[in-house]
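Next come the chains, spelled out residue by residue.
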Amino acid sequence: MESFDLKRYTHLGDAVYEVFVRENIVFKTKSLNCMHKNTTAFVCADFQAKMAEIIFENFLNDEEKEIFRRARNLPLTVNKKNKPDIHRYATAFECITGYFYLTDRQRLNEMFEIVKENMDI
């Protein structure tokens, strides 16, 4: 698998994950302000990095872990105030999300169930 594919998975995974979060928030909150606060709390590098660690340890098989590792090592452009390690894990999370979206929707849904368990809305 080329790094170009990993970048495509990551780009797509970012969009898929944001839609997932918004779908789970829109019917559980009453105000736009609350929707926005919840969305930004879950569609951020810190939360994605936390989820990445959980799914890496408890969910991914060996083949998926290899995709995750390769995505985690993609070159990043991170500004000085952000922590590169957090962004690496967030990138890997987005990549595996995109990979599952394109290759195994059942696996994606299973992963999203783990994410839902960790969302406090």
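Because the structure is predicted, anything quoted here is derived from the model rather than measured. (Residues numbered from 1 in each chain as written. Predicted model: local features only at pLDDT ≥ 70, side-chain atom pairs only at ≥ 80, totals over all residues. Heavy atoms only, no water.)

1. Comments concerning the nonpolar core
And step 1. Among the nonpolar cores identified, the biggest contains 32 residues, and Tyr17, Met111 and Val115 are the most heavily contacted of them.
And step 2. Among the elements of the structure, α1 (3-26), α2 (32-42), α3 (45-58), α4 (62-72), α5 (84-103) and α6 (105-117) are those that each provide at least two residues to this core.
And step 3. Among the elements that make up this core, the one with the highest residue count is α1 (seven residues).
And step 4. Ignoring sequence-local partners within four residues, the contact set of valine 115 consists of Tyr17, Phe20, Phe47, Met51 and Phe93. (Core = buried A, V, L, I, M, F, W, Y, C linked by side-chain atoms within 4.5 Å. Buried < 20%, exposed > 50% of the residue type's maximum accessible area, 1.4 Å probe, protein only. Helix = DSSP H or I, 4+ residues; strand = E, 2+ residues; numbered from the N terminus. Contact = heavy atoms within 4.5 Å.)

2. Points about the environment of cysteine 95
And step 1. Looking at the secondary structure, you find cysteine 95 in helix α5.
And step 2. C-alpha of cysteine 95 to C-alpha of glycine 13: the two residues are 82 residues apart in sequence and 5.6 Å apart in space.
And step 3. Beyond its immediate stretch of four places on either side in the chain, cysteine 95 contacts Leu6, Tyr9, Thr10, Ile67 and Ala71.

3. Thoughts on the packing of aromatic side chains
And step 1. Applying the stated criterion across every chain, the model contains 10 aromatic pairs.
And step 2. Pairing phenylalanine 20 with phenylalanine 112 gives two aromatic rings, centres 3.9 Å apart and planes at 15 degrees, and the pair type is stacked. Of this pair, phenylalanine 20 sits in helix α1 while phenylalanine 112 sits in helix α6; the two residues are 92 residues apart in sequence, bridging distant segments of the chain.
And step 3. For phenylalanine 112, a relative accessible area of 6% corresponds to the buried category.
And step 4. Residues phenylalanine 56 and phenylalanine 68 carry aromatic rings whose centres are separated by 5.0 Å and whose planes lie at 40 degrees to one another, so their mutual orientation is tilted. (Phe/Tyr/Trp six-rings, centres within 6.5 Å; stacked < 30°, edge-to-face > 60°.)

4. Points about α5
And step 1. For α5, with 20 residues, the first-to-last C-alpha span of 28 Å sits near the 28 Å given by 1.5 Å per residue.
And step 2. Turning to α5, its buried residues number three or more, namely Ala90, Thr91, Ala92, Phe93, Glu94, Cys95, Ile96, Thr97, Gly98, Tyr99 and Phe100. (Expected span 1.5 Å × (residues − 1).)

5. Side note on the environment of alanine 45
And step 1. As for its position among the elements, alanine 45 is in helix α3.
And step 2. Apart from the residues lying within four places of it in its own chain, the contact partners of alanine 45 are Ile86, His87 and Ala90.

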